[in-house]
Amino acid sequence: MSTELLCIIWFILLNVLLIGYAILDGFDLGVGILHPFVAKTDVERRLVMNSIGPLWDGNEVWLVTFGGALFAMFPNAYASIFSAFYIPFVALLFALIFRAVSLEFRSKRSGKAWRTLWDILFFTGSTLAALLFGVAIGTLMQGLNISELGDYQGTMLDMLNGFSINVGLMTVALLAMHGSIYLYMKTEGELQDRLFHWMKGTYFAFLALFIVVTLWSTLFVPASIHHFSDYPILWLVPLLNFLAIANIYRAIQQKKPFYAFISSCFAIAVLVFLFSAALYPNLLPATNNPEYSITIFNGASSPLTQKIGLLIVAIGMPMVLSYTAIIYWTFRGKVQLGENSY
Amino acid sequence: MDVVLLSRLQFAFTIMFHYIFPPLTIGLGIILAYLETRNYLSKDKSFAVACQFWTRIFILNFAIGVASGIVMEFQFGTNWATYSRFVGDVFGSALAAEGIFAFFLESGFLAIVAFGRERVKRGFYLFSVYMVALGSTFSAIWIIVANSWQQTPAGHHIVEIMREQTLTDGTTSLAPWVVDGVVQRRAEIVNFWDLVFNPTTVQRLSHTLLGAAAVGAFFVLSVSAYYLLKNRHQQFAKQSFNGALVLAFIASLGLGINGHTQAQNTYRYQPEKLAAFEAHFDTGRGDLNLIGWPDGEAEKIHFDLSIPGGLSFMMFDDFTFSKKVVGLDRFKKEDRPPIIIPYLSWRAMVGFGGLMIVLTGLGLYYNYRKTIQNKRWLLWSFVFAIGFVMVANQAGWIAAEVGRQPWTVHPPIVWTDDGTDLVTGPDGFYNYDETLGLRTSNSVSAAVSVEEAKTSLALFTLLYLALAAVWIMVLDRKIRTGPTPLKEHDETDTHGIRHAAMDRQHARLDKEEAEGGSI
């Protein structure tokens, strides 16, 4: 296997991990974003939290594995990106920690103040995490000012611009919609009825932001379309994306949440794909000097490491997928509260 | 304060906090597997009750362990970017393997253990408990592999990074990557299994896992001894106490034996670290210091009380008490680890380890005589012993990591042919091959400013202190509540799923709440 091919395979595998993460943790982040709005009583709040109770930590492992794989296969990119986004990533860690522990701590006491505190932290953590992921993606698409070694030379404020903030907001809306569809599948009765309106509301919020981001990136972020002129076949991807997004609404209207969920998964996958296509072959584009850009080729590990990684994936991934399937199957059906619930 | 110190403080603080939880979950995992096996074989409900109680505590610890564990992974990139570039090729695959082989396993099956007892068959539930225990152990394996590689690197070589460069005639070719006149290097894998089984992995892994078993067992001992003293949950407490006591004794004794060989192994590969543990300044017969206060500047120990030749005996199992032990004088000042922290933490670990053997030995003896119920002082000792065990566990970690300084990747040590001394230069000092290792001071992220590092350190300190407070509060509550009876299986429940209507759920839960139920 040639060195280039290995790098490309790993770029694709990283995309698979990122898509897996975005779809799976996407719905539980979305549930967190909606949590204070859709649930009125304490019982409903618990139902909402328990809809993701057995699943969220398994979902988050996708992020950990993505991080590990990026570290192993593209150490330069890992080091440069993580140190460049120092404060945003510290904030992201805080968001993820608050979310994780608020799920665990909330049910442990029955006082109103106690539960409200963890409700707030659960919502804040989920929303902030979604926002920061989006901002990071928006920033990466535009590139950073980095040294020859790949060290970021700007400040945190340089990263915050209209485009990256818009991508951040779009991510929040997208995950909220994704989460609302998931919740609609997992709930019944009055709560479910209320969620119907939330599905539609978040859908339109996402649609509006999606249009803004699409126009903005096509017009002002050259990276996002530079491959499309070389490979016109790529236009099929955004086309499929529009169909998927349109289908989300159709399925919501027909009250077929599973189809809506599948469409929304597809839309997320396509958005991640478009992001990677915009970056390719860079992992971290340098705005000051294109030669400093960290690509999947100059940022890669040795071929032996990449081969060992492939072996690990070949052994590990089938196992992971099989017990992920078992667990989702075990916890299928409507969410219910029991002895061991949060 | 500079970024190096701030990043070191942050790493030390966040990993010490994190390291409270994985040992607890690994240790409790063994206990859960034992209890659930007994439950499966005997259908004695009391084992299931016990398993359920410890499962709840396991989950609490797991949640904080996961949350604080992501921080560790991120920090390699955020704070130690130069280090990450240097080691990513070898270190990263261990981390990725941990994600795929350990975390998915543990978090996946924990869902079933935590929420699924009523949803799956008994056999599958037992299987899930085993998988959770196995998953937590797997993650220890990969992390220890990665850590041991930094201490005693193997299975790799250091190479110049090649980059495509445009020549004057317009063609491109691969050439070493030079930035500001410095050739960039990194470690690359040559042999995966040599990397995994580097000279200290097995020693370090067995010591860490035994330490984890001890923490888990002493934790159970602490809670059940408390119940015994307070005359609560007697049957549960006795069951848990007896099982945990045996595990704690085996683990403590194992730690002692394994610790001895590990010290010898450390001397072989990192003699300056062992010299710092023992404040052994002058190469020659090694005395075993019992009481004292080392002074790195004066290169002596104040208030010294030592066993003459004791260290020689320990290092070589040498009954002449006279063999030469390499001391800190073989190393330049800038290559020596700090002395006081490794010296003290090493002593704390060994001292508390000895205490653990004595305590569990006494416990077994009185348990055998069936008089332990009357030895209230001993039971109270067990209630508080978990504190010492945790300190010992942390101290071992500190000794290993601070003793490695000033390196993040320790260069190899070259011994003379007869193995009694190091190959020293004309100045009498051992000269490390700097290209084969990486100094801590050269490992940090260039992109991070002092202000950013300060901010994050302050935030992590606040967050973790708050988390620790809430953790103790919730833990205390769980322990006060104690084990609760298992819920009876609902016969009307078809294949484990009740399609309860929303209203029914509301009604039931409202009723339970009104009756002051546990929810």
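Up top is the structure these notes are about.
Just so it is clear, the model here is predicted, and its values are computed rather than measured.

Here is what the cut-offs are and how they apply
Residues numbered from 1 in each chain as written. Chains lettered and ligands numbered in written order. Predicted model: local features only at pLDDT ≥ 70, side-chain atom pairs only at ≥ 80, totals over all residues. Heavy atoms only, no water. Helix = DSSP H or I, 4+ residues; strand = E, 2+ residues; numbered from the N terminus. Rg over C-alpha atoms; globule rule 2.2 N^0.38 Å. Axes fitted to C-alpha atoms, helices over the stretch in contact; angles between N-to-C directions. Parallel < 35°, antiparallel > 145°, perpendicular 65-115°, else oblique. Left-handed = near helix turned anticlockwise from the far one by under 90°. Contact = heavy atoms within 4.5 Å. Nonpolar A, V, L, I, M, F, W, Y, C, P; charged D, E, K, R; others polar. Expected span 1.5 Å × (residues − 1). Bend = angle between axes of the 7 residues up to and from the residue. Buried area = accessible area lost by both parts, 1.4 Å probe. Salt bridge = Lys/Arg side-chain N within 4 Å of Asp/Glu carboxyl O. Polar contact = N/O pair within 3.5 Å; in protein donor to acceptor, adjacent residues only side chain to side chain. Pairing = 2+ DSSP bridges. Core = buried A, V, L, I, M, F, W, Y, C linked by side-chain atoms within 4.5 Å. Buried < 20%, exposed > 50% of the residue type's maximum accessible area, 1.4 Å probe, protein only. Phe/Tyr/Trp six-rings, centres within 6.5 Å; stacked < 30°, edge-to-face > 60°. Lys NZ or Arg CZ within 6 Å of the ring centre and 35° of its normal.

> Just give me the short version of the overall build of chain A, but keep the residues and values in it.
Counting its secondary structure elements, chain A contains 12 helices and 2 strands. From first element to last, N terminus to C terminus, chain A shows the α and β order α-α-α-α-α-α-α-α-α-α-α-β-β-α. In summary, chain A has a C-alpha radius of gyration of 20 Å against a globular reference of 20 Å for 342 residues, a match within 12%. Dimensions of chain A, computed from the C-alpha atoms along their principal axes, are close to 55 × 40 × 40 Å.

> For the packing of helix α4 (residues 75–84) of chain A against helix α4 (residues 81–115) of chain B, give the residues involved together with the corresponding values.
Across the interface, α4(A) lies against α4(B) with an axial gap of 8 Å and an inter-helix angle of 160°. Considering their axes alone, α4(A) and α4(B) lie roughly antiparallel with respect to each other. Where α4(A) crosses over α4(B), the handedness of that crossing is right-handed. Facing α4(A), whose interface residues are Pro75(A), Asn76(A), Tyr78(A), Ala79(A), Ser80(A) and Ser83(A), α4(B) presents Ala81(B), Ser84(B), Arg85(B), Gly88(B) and Asp89(B). Here the contact of α4(A) with α4(B) is built from residues that sort into 4 nonpolar, 5 polar and 2 charged.

> Which residues make up helix α1 (residues 3–38) of chain A, and what are the values?
Because an α-helix packs 3.6 residues into every turn, residues spaced three or four apart end up facing the same way. Along its 36 residues, α1(A) runs 51 Å from first to last C-alpha, staying within 8% of the 52 Å computed at 1.5 Å per residue. Gly26(A) marks the point of greatest bend in α1(A), at about 35°.

> Got a sec to walk through the interface of chain B and chain A? Specific residues and values, please.
On the side of chain A, 83 residues touch chain B, which itself brings 92 residues to the contact. Overall, the association of chain B and chain A removes approximately 8000 Å² of surface from exposure, summing both partners, and the carbon and sulfur fraction of that is 68%. When residues of chain B are sorted by the area they lose upon contact with chain A, Arg85(B), Phe104(B) and Phe115(B) head the list and together hold 10% of the total. Linking chain B with chain A are 1 salt bridge. Between Arg85(B) and Asp151(A) there is a salt bridge, with its nearest N and O atoms 3.0 Å apart. Inspection of the chain B/chain A interface yields 15 residue pairs in polar contact (both at pLDDT 80 or more). Of the residues that constitute the side of chain B that touches chain A, the class distribution is 55 nonpolar, 20 polar and 17 charged.

> Please provide a residue-by-residue account of helix α12 (residues 376–402) of chain B, values included.
Spanning 27 residues, α12(B) covers 39 Å between terminal C-alpha atoms, matching the ideal 39 Å at 1.5 Å per step. Along α12(B), the sharpest change in direction is near 40° and occurs at Phe384(B).

> Describe the pairing of strand β9 (residues 300–307) of chain B, with residues and values.
With 6 bridges joining them, strand β8 (residues 288–295) of chain B and β9(B) adopt antiparallel strand pairing. Directly across from Asp295(B), in β9(B), lies its bridge partner Lys300(B).

> Give a detailed account of the nonpolar core, specifying residues and quantitative values.
Most often, soluble globular proteins have nonpolar side chains that are buried together. Counting residues in hydrophobic clusters, the biggest one holds 242 residues, and the most contacted among them are Phe74(A), Phe105(A), Trp54(B) and Phe218(B). Counting residues per element, this core draws most heavily on α4(B), which supplies 19 residues. In contact with Phe218(B), other than residues within four places in its own chain, are Ala248(B), Ser252(B), Met356(B), Thr360(B), Phe382(B), Ala385(B), Ile386(B) and Val389(B). Within the second largest apolar cluster, 20 residues are counted, among which are Phe277(B), Leu288(B), Leu311(B) and Trp346(B).

> Give a description of unusual backbone geometry that names residues and reports values.
Between Tyr280(A) and Pro281(A) the backbone carries a cis peptide bond, its omega angle lying at 0°. The topology assignment puts Pro281(A) in the loop between α11 (257–279) and β1 (282–284). Between Gln405(B) and the following residue, Pro406(B), the backbone shows a cis peptide bond with an omega angle of 5°. Turning to its location among the elements, Pro406(B) is positioned in the loop between α12 and β11 (407–409). Backbone geometry at His233(B) places phi at a positive 45°, although glycine is not the residue there. By secondary structure assignment, the location of His233(B) is in the loop between α7 (201–229) and α8 (234–269). Overall, the relative accessible area of 27% leaves His233(B) in the partly exposed class. Of note in the backbone geometry, Phe321(B) takes a positive phi value of approximately 55° without being a glycine. Assignment of secondary structure puts Phe321(B) in the loop between α10 (310–316) and β10 (324–325). The class of Phe321(B) is partly exposed, set by a relative accessible area of 32%.

> Which residues make up the environment of Ile386(B), and what values do they have?
All names here are of chain B. Take Ile386: it is sitting in helix α12. Expressed as a C-alpha distance, the spacing of Ile386 and Phe352, which sit 34 residues apart in the sequence, is 11 Å. The contact partners of Ile386, leaving out residues within four places of it in the chain, are Val215, Phe218, Phe219 and Ser222.

> Quick rundown of the pairing of strand β2 (residues 162–166) of chain B? Include the residues and the values.
All names here are of chain B. Where β2 and strand β3 (residues 172–176) come together, 5 bridges link them in antiparallel fashion. The partner of Met162 across the bridge, within β3, is Pro176. Two successive antiparallel strands, β2 and β3, enclose a turn made up of 5 residues, where Gly170 displays a positive phi of approximately 90°.

> Talk me through the packing of aromatic side chains; I want residue IDs and the actual numbers.
Taken as a whole, this structure holds 67 aromatic pairs over all chains when the rule is applied. Geometrically, the ring pair formed by Phe37(A) and Phe123(A) is edge-to-face, given 5.5 Å between the ring centres and 90° between the ring planes. Of the two residues, Phe37(A) sits in helix α1 while Phe123(A) sits in helix α6 (residues 112–142), which places them 86 residues apart along the sequence. By relative accessible area, which is 39% here, Phe37(A) ends up partly exposed. Pairing Tyr83(B) with Phe91(B) gives two aromatic rings, centres 5.7 Å apart and planes at 75°, and the pair type is edge-to-face. When its relative accessible area of 3% is taken as the criterion, Tyr83(B) is described as buried. Here Phe91(B) falls in the buried class, since its relative accessible area comes to 4%. Following the ring pairs from residue to residue traces out a cluster consisting of Phe71(A), Tyr78(A), Phe82(A), Phe85(A), Phe89(A), Phe11(B), Phe74(B), Phe76(B), Tyr83(B) and Phe91(B). Taking NZ or CZ as reference, Arg109(A) lies 5.6 Å from the ring centre of Trp114(A), over its face. The ring of Trp177(B) has Arg163(B) lying over it, and the distance from NZ or CZ to the ring centre is 3.6 Å.

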